[in-house]
Amino acid sequence: MLITTCGAGFIGTKGRIVSVQLHRMRGARFHVSGLSWTAARHALARIYAALETIHLPRPSGAMTLHIGPTNHSIVEGSLDLPIALAMLASSGEISSDKLTSLFSWGELTLEGKIQPGSPQSMPLHDGMEWFIPGSSARIQQCFIPLDSTPDVPQEIPVYYPGDLYQACDALQGKGSLPRVNLQPKHLPSRQAKSPLLYDSIEGELLSKQGIVISAAGRHHMLLIGAPGSGKSMMARALVELLPAATDTEFKQFKQLHARRGEPYSDKGLRPFRQPHNQATAHALIGSWNASGAVPGELALASGGVLCLDEFPEFSRNAIEALRSPLERGRVEIARADGSQTFNANGITVATANPCPCGHLTNRTRTCRCTRGEVRRYLRRISGPVMERFALHLETPSGQVCESDASHSGGRWWSMEGESAQKAIRNVWEERQKDPVFHWPEQVEELFKKSMAKWAFSHRASQSIRSVAETCALLDGAMTENTRRFWEISEADLILALQFRIFDRPSWLEHSFQNHWPEHHSTLH
């Protein structure tokens, strides 16, 4: 006797309908296909205990369970309900015809209750194809745990059975389950009246410039400064300035976090991730388990901000693993079982102290570190990794460091938080139109002289160009200019050059002297 019903599985981070088939015959063996024996054994233990608790018959005989297609990843516990219903149909308690077009999902407790389990076992999303595998027929109804909030099409009736007994009665026609009216989901709105951290950064001109440029151009930023100088606060201020996520982006955030087994609810804000400095390379990049690829912190922060606080304290493997994702904007995880690509297009903000004691650039406290200790500490951030940060910024402690306003190309950095959000949103919209940038001859000549003087690499020069173009777009965003031809000014280039201070050979020598922070406020 063959029973067929439908469940859910993963391909990467996306959920797909899978076929749950149970064949029963004489004997006393249980065979599994398309599911690990360990997961099947755990599911059978829960199902058999639930059937006995609620006084439903336990099927006998030899059974073969197949989950297909076999290229799907199955999260343990998510198929308890469809397997249990298939077993009840094989013993004659339920008509097998009613299970063919039924989608069910949920984990069974030993009392027979249906629960969603971990968020990771919830692969349902708005882009799923709700068709029976191997057929053009559509799913007719869904049985889903009460506490779950799936993205199911409006035309498919959804029922929330409390336990396996209620589900069995509904399929037998002995009782009815209330149909749940799924309302369209909208992105949670941001609390507009809450104060922005950006507004609390007062007087630190370079810091406000760096935050706005990073948010507008999605540039990675490296912050070095004394403890308590506001590095972590700047990273949190950055995510608040980003444009609100669209409904599609919000659903993508939920899918990625669900694949990791974490809920996502940030009240309309984009993701902000801040892993501990003892996180491994696998925690940052991603890993692979029995359920398939699991996204790391880079993927979870996609579309938002990843703050790597105390960056030199991360392991060398973790730091060096960031090279390709920071440059390419995606993470590729390859194993013998397959490969998976995750987006990693968030903004990475790395923070570091200038020395082991943290007071090398502090004008009010004395640094106790030798030059050798400082060099060894900063050498933990290799040159290739440092180059991938488009913006280098020192956070001042004590006396405020101001840059020359004539080099700033505008007044967008001095705006209030809400105005800065609007300007950044305008820049994002303009970037989608593929704007054309023009570099005048005198600006190009200044750029070449700077490249020769500071011996910037090709990657660093491309970062400088990108930051200068972002500054030009910000200047236009002040007037909501919609032209598609943008001219780069000398002020835009000079400002972009000011944020590459850690590439200069003289930066560390200046820090050893009593000239901080004057050495980076103007070009030498």
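Structure's up top.
Residues numbered from 1 in each chain as written. Predicted model: local features only at pLDDT ≥ 70, side-chain atom pairs only at ≥ 80, totals over all residues. Heavy atoms only, no water.

## Here we look at the overall build of the chain
Keep this limit in mind: Secondary structure elements follow DSSP: runs of H or I no shorter than four residues count as helices, runs of E no shorter than two count as strands, and numbering proceeds from the N terminus. Type-normalised accessible area, obtained with a 1.4 Å probe on protein chains alone, sets the label of each residue: buried when under 20%, exposed when over 50%, and partly exposed for intermediate values. For the area figures, the Shrake-Rupley method with a 1.4 Å probe applies, and any residue is considered shielded solely by the protein chains shown.
Along the chain, the regular secondary structure elements total 19 helices and 21 strands. Counting only residues that meet the buried cut, the chain has 55% of its 524 residues in that class. Surface accessibility of the chain: about 22900 Å² in total, with carbon and sulfur atoms responsible for 48%.

## What to know about the environment of serine 463
Rules: Throughout, a contact is declared for two residues whenever any of their heavy atoms are within 4.5 Å.
Looking at the secondary structure, you find serine 463 in helix 16 (residues 458-477). With 37 residues separating them in the primary sequence, serine 463 and arginine 500 have C-alpha atoms 9.2 Å apart. Setting aside its immediate chain neighbours within four residues, serine 463 contacts Glu387, Ala390 and Arg500.

## Notes on the packing of aromatic side chains
The condition that has to hold: What counts as a ring pair is set by centres within 6.5 Å for rings of Phe, Tyr and Trp (its six-membered ring), and what kind of pair is set by the plane angle: stacked under 30 degrees, edge-to-face over 60, tilted for all other angles. Charges are assigned to positions over rings by a cutoff of 6 Å between ring centre and Lys NZ or Arg CZ, combined with an angular limit of 35 degrees from the ring normal.
Scanning the entire structure with this criterion turns up 4 aromatic pairs. Ring centres of phenylalanine 143 and tyrosine 159 lie 6.1 Å apart, and the angle between their planes is 90 degrees; this geometry places the pair in the edge-to-face category. One end of the pair, phenylalanine 143, is in strand 8 (residues 141-143); the other, tyrosine 159, is in strand 9 (residues 158-159), and 16 residues separate them in sequence. Of the two residues examined, phenylalanine 143 and tyrosine 159, each falls in the buried class. Every member of this aromatic cluster is reached through a ring pair, and the members are Phe311, Phe314 and Phe389. Between arginine 218 and the ring centre of tryptophan 428, over which it is positioned, the NZ or CZ distance is 3.8 Å.

## Here we look at helix 12 (residues 371-378)
For clarity, the threshold we go by: Comment: arc refers to directions from the helix axis out to C-beta atoms.
Along helix 12, the residues classified as buried are Val374, Tyr377 and Leu378. Seen end-on, helix 12 carries its buried residues on one side only, within an arc spanning 90 degrees.

## Notes on the sheet that holds strand 19 (residues 391-395)
Hydrogen bonds between backbone atoms are what pair the strands of a sheet, whose relative direction is either parallel or antiparallel. Under the convention used in this document: The pairing criterion is simple: DSSP has to find at least two bridges between the two strands.
An order of 12-15-18-11-19 is seen for the 5 strands of this open sheet, with the pairing classed as parallel. Lying at the two open borders of the sheet, with one neighbouring strand each, are strand 12 (272-273) and strand 19. Pairing of strand 12 with strand 15 (residues 305-308) involves 2 bridges; the strand directions are parallel. Looking at strand 15, one finds that arginine 273 is bridged to leucine 306.

## Regarding the packing of helix 1 (residues 37-53) against helix 2 (residues 80-90)
Two quantities define a packed helix pair, namely the angle between the axes and the distance from one axis to the other. Worth spelling out the cut-off: Here an angle of 0 to 180 degrees is reported between the N-to-C directions of two axes, which are lines fitted to C-alpha atoms, with helices fitted over the stretch in contact. With respect to orientation, any angle under 35 degrees is reported as roughly parallel, any angle over 145 as roughly antiparallel, any angle of 65 to 115 as roughly perpendicular, and every other angle as oblique. Crossing chirality is assigned from the near helix's rotation relative to the far helix, an anticlockwise turn below a right angle marking it left-handed and a clockwise turn marking it right-handed. Amino acids outside the nonpolar list (Ala, Val, Leu, Ile, Met, Phe, Trp, Tyr, Cys, Pro) and the charged list (Asp, Glu, Lys, Arg) are all regarded as polar, and Gly is one of them.
Direction vectors running N to C along helix 1 and helix 2 enclose 55 degrees, while the axes themselves pass 10 Å from each other. Viewed along their axes, helix 1 and helix 2 adopt a mutual orientation that is oblique. The handedness of the crossing between helix 1 and helix 2 is right-handed. Side by side, helix 1 and helix 2 meet where Ala43, Leu44, Arg46, Ile47, Tyr48 and Leu51 of the first sit next to Asp80, Ile83, Ala84, Met87 and Leu88 of the second. Of the residues assigned to the contact of helix 1 with helix 2, the class counts are 9 nonpolar, no polar and 2 charged.

## Some thoughts on the pattern of salt bridges
Here is the rule: One speaks of a salt bridge when a side-chain nitrogen belonging to Lys or Arg is within 4 Å of a carboxyl oxygen belonging to Asp or Glu.
This model, assessed by the stated rule, comprises 13 salt bridges. Across the pair arginine 328 and glutamate 332 runs a salt bridge, and its minimum N-O distance is 3.4 Å. In this structure, lysine 433 and glutamate 430 form a salt bridge, with 3.9 Å as the shortest nitrogen-oxygen distance. What you see here is one network of salt bridges that share partners, running through Glu327, Glu387, Arg388 and Arg459.

## Concerning the packing of helix 2 against helix 4 (residues 164-172)
Packing of helix 2 against helix 4 leaves a shortest axis separation of 11 Å and a crossing angle of 50 degrees. Here helix 2 lies oblique to helix 4, going by the angle between them. Both helix 2 and helix 4 take part in a crossing whose hand is right-handed. Contacts between helix 2 and helix 4 pair Leu81, Ala84, Leu85 and Leu88 from the former with Leu164, Ala167, Cys168 and Leu171 from the latter. Each residue belonging to the contact of helix 2 with helix 4 can be placed in one class, and the counts come to 8 nonpolar, no polar and no charged.

## Notes on helix 2
Of all 11 residues in helix 2, 11 are buried, a share of seventy percent or more. Burial in helix 2 covers these residues: Asp80, Leu81, Pro82, Ile83, Ala84, Leu85, Ala86, Met87, Leu88, Ala89 and Ser90. Positive backbone phi, at 90 degrees, marks glycine 92, one or two positions downstream of helix 2.

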